[in-house]
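Results of the structural survey
One-letter residues, chain by chain:
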Amino acid sequence: MTDFKPLVFSGVQPTGNLHLGNYLGALTKFVALQESHDCIYCVVDMHSITAQLVHADLAEQTRSITAAFLASGIDPKKHIVFNQSRVMQHAELAWVFNCVARIGWMNRMTQFKDKAGKDRENASLGLLAYPSLMAADILVYRATHVPVGDDQKQHLELTRDIATKFNNDFSARIADLGVGIPMKMGDETVNGFFPLTEPLIEGPATRVMSLRDGAKKMSKSDPSDLSRINLTDDADTISKKIRKAKTDPDALPGEVEGLKGRPEAENLVGIYAALAGTTREKVIADFGGQQFSAFKPALADLAVEKLAPISAEMRRISDDRTYVDGVLRDGGERAGALAEATMKDVRRIIGFLAD
């Protein structure tokens, strides 16, 4: 082998309902990627217990995320869709990576600081170490690319750091076993077993903010359901939430620069542009000077047109539990075969005895 086979890996946590921000920021990109790449899409249920151990129904949340994948257009036959806990090699490689990663690396992770807050001593060890599991999720398939948002870039850098250290530490043994690829590391060439995974950034990011506060991201955890459009919302609910979205009293500006300092207006214009597959400049050209009383109904109609069919399909798929479980089972078997091929070599590289 002279190079790593291109492969995309991405995971979504099964915590709360997926919303418009998840759809525009992730799912639409996942669907597009499958036309040009081999893809593995994972419901990362093991990650969901790092901050909250006990969930009311984690299994049903896992099925719901899977239904959203399928309703959005991901093809589980051409690509792999599965839930993380089905493939034990994720946890096995995560332990190896816990021994590769340095405590200082983990302490620098800003998401741990944010999620643990002031009571860091009471945070779970899993919350501190979960970037190591994230690295294992990616590298157990030797994935070359990961779609990432701003909040995950640091974790992908950690994944690259872990791969670099593993490749350097075991370079001679990787060469002896003939399982690596020559890789340039600075001025040196080492025998690398893991790729240095690259971020995959598809065009400008769609940043969707709360419908109740344009300064906050749309979030599954916001206590107000009016702050977000859930992918399970029906047409009437979608329309109602758009109509009730917070705005300011001024008309839409005549140019995009006029949206500065108006977060709610900027958010709604951005949502319209993303749903219509156009630019904010075009939206302003069409609606500039109009009041929100005219713009909101147009946005509501567009949102219903684009999202209601997905919502209906997601509810239909969710009702067919046998089908959803079958997709996850089949995906888990296919993912497990790939992961075990990687781990057989990892065990040999480290020196673990096996039959």
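Reading the values: the criteria
- Residue numbering note: each chain is counted from 1, following its sequence as written.
- Local features in this predicted model are restricted to residues of pLDDT 70 or higher, and side-chain atom pairs are both shown and tallied only at a pLDDT of 80 or more, whereas totals for entire chains, interfaces and linings draw on every residue.
- Side-chain calculation: all heavy atoms of the structure are included, whereas hydrogens and water are not.
- Helix and strand assignments come from DSSP, with helices taken as H or I runs of at least 4 residues and strands as E runs of at least 2, each series counted from the N terminus.
- Any pair of residues with heavy atoms lying within 4.5 Å of one another is described as a contacting pair.
- Remark: exposure states derive from per-residue accessible area (1.4 Å probe, protein chains only) relative to the maximum for the residue type, with buried under 20%, exposed over 50%, and partly exposed in between.
- The rule for pairing is simple: two strands pair if DSSP sees at least two bridges between them.
- Looking down the strands as they point away from you, a crossover is right-handed if its path from the first strand over the helix to the second goes clockwise.
- Directions pointing from the helix axis toward each C-beta atom define the arc.
- Axis lines are fitted to C-alpha atoms, over the contacting stretch for helices. Their N-to-C directions set the angle, which ranges from 0 to 180 degrees.
- These descriptions rest on fixed angle ranges, namely under 35 degrees for roughly parallel, over 145 for roughly antiparallel, 65 to 115 for roughly perpendicular, and the rest for oblique.
- Note on residue categories: nonpolar means Ala, Val, Leu, Ile, Met, Phe, Trp, Tyr, Cys or Pro, charged means Asp, Glu, Lys or Arg, and polar means any other residue, Gly included.
- Two rings from Phe, Tyr or Trp (for Trp, the six-membered ring) form a pair when their centres sit within 6.5 Å of each other. Planes less than 30 degrees apart are called stacked, planes more than 60 degrees apart edge-to-face, and all others tilted.
- When a carboxyl oxygen of Asp or Glu is within 4 Å of a side-chain nitrogen of Lys or Arg, the pair counts as a salt bridge.
- Crossing chirality is assigned from the near helix's rotation relative to the far helix, an anticlockwise turn below a right angle marking it left-handed and a clockwise turn marking it right-handed.

Attention now moves to the environment of Ala-67. With respect to the helices and strands, the residue Ala-67 is situated in helix H2 (residues 58–72). With 243 residues separating them along the chain, Ala-67 and Ile-310 place their C-alpha atoms 10.0 Å apart. Filtering out sequence-adjacent residues up to four positions away, Ala-67 remains in contact with Met-314, Ile-317 and Ser-318.

A few words now on the environment of Met-183. Of note, Met-183 is situated in strand E5 (residues 181–185). Judged by relative accessible area, which is 11%, Met-183 ranks as buried. For the pair Met-183 and Thr-110, spaced 73 residues apart in sequence, the C-alpha to C-alpha distance is 30 Å. If sequence neighbours within four positions are ignored, Met-183 has contacts with Phe-4, Asn-167, Glu-188, Thr-189, Val-190, Gly-192, Phe-194 and Leu-196.

The subject of this paragraph is the pairing of strand E3 (residues 80–83). Going residue by residue along E3, you find Ile-80 and Phe-82 tucked away on one face and Val-81 and Asn-83 tucked away on the opposite face as well. Sheet analysis places strand E2 (residues 39–43) next to E3, joined by four bridges and oriented parallel. Bridging across to E3, Tyr-41 finds its partner in Val-81. Of the crossover connections in this fold, the one passing from E2 over H2 to the parallel E3 is right-handed.

Next up on the list: helix H9 (residues 235–244). Where H9 is concerned, the buried positions are Ile-238, Ser-239, Lys-241 and Ile-242. Down the axis of H9, the smallest arc covering the buried residues is 165°, so these residues share one side. Counted as exposed and oriented over 90 degrees from the buried face of H9: Asp-236 and Arg-243. On its buried face, H9 sits against helix H12 (292–319).

Here five bridges tie E5 to strand E6 (residues 188–192), and the two strands are oriented antiparallel to one another. Bridge pairing in E6 places Lys-184 opposite Thr-189.

The next thing to look at is the packing of H12 against helix H13 (residues 321–350). Remark: H12 packs on H13, axes separated minimally by 5 Å, with the N-to-C direction vectors making an angle of 85°. The angle between H12 and H13 places the two elements in the roughly perpendicular class. Seen from H12, the contacting residues are Ile-317, Ser-318 and Asp-319; seen from H13, they are Arg-321, Tyr-323 and Val-324. A class-by-class count of the residues in the contact of H12 with H13 yields three nonpolar, one polar and two charged.

Phi at Arg-142 takes a positive value of approximately 50°, unusual for a residue other than glycine. You can see Arg-142 is positioned in the loop between helix H6 (125–139) and strand E4 (145–147). Judged by relative accessible area, Arg-142 falls into the buried class, the value being 15%.

So, about the packing of aromatic side chains. All told, the structure shown has 13 aromatic pairs when counted by the stated rule. With a centroid separation of 5.0 Å and an interplanar angle of 65°, the aromatic rings of Phe-166 and Phe-194 are classed as edge-to-face. Note that Phe-166 is positioned in helix H7 (residues 153–169) and Phe-194 in the loop between E6 and strand E7 (198–200), a separation of 28 residues in sequence. Aromatic side chains Tyr-272 and Phe-287 sit 5.3 Å apart centroid to centroid with 65° between the ring planes, which places their arrangement in the edge-to-face category. Here Tyr-272 is found in helix H10 (residues 263–276), whereas its partner Phe-287 is found in helix H11 (residues 280–287), with 15 residues between them in sequence.

Applying the stated criterion across every chain yields a total of 19 salt bridges. A salt bridge links Lys-241 to Asp-225, with the nearest nitrogen and oxygen atoms 2.9 Å apart. Placement of Lys-241 in helix H9 and of Asp-225 in the loop between E7 and H9 is noted, with a sequence separation of 16 residues between them. The class of Lys-241 is buried, set by a relative accessible area of 2%. The class of Asp-225 is partly exposed, set by a relative accessible area of 36%. Here Asp-233 and Lys-241 are joined by a salt bridge, their closest N and O atoms 2.8 Å apart. The buried category is assigned to Asp-233, whose relative accessible area is 8%. Here the salt bridges share partners, and the residues they tie into one network are Glu-60, Arg-63, Arg-321 and Asp-325.

Attention now moves to the packing of H10 against H12. Where H10 contacts H12, the two axes come as close as 10 Å, and the packing angle between them is 40°. You can see that H10 and H12 cross each other, and the crossing is left-handed. Mapping the contact onto sequence places Ala-265, Leu-268, Val-269, Ile-271, Tyr-272, Leu-275 and Ala-276 in H10 and Phe-292, Phe-295, Lys-296, Ala-298, Leu-299, Leu-302, Ala-303, Lys-306 and Leu-307 in H12. For the contact of H10 with H12, the class distribution of residues is 14 nonpolar, no polar and two charged.

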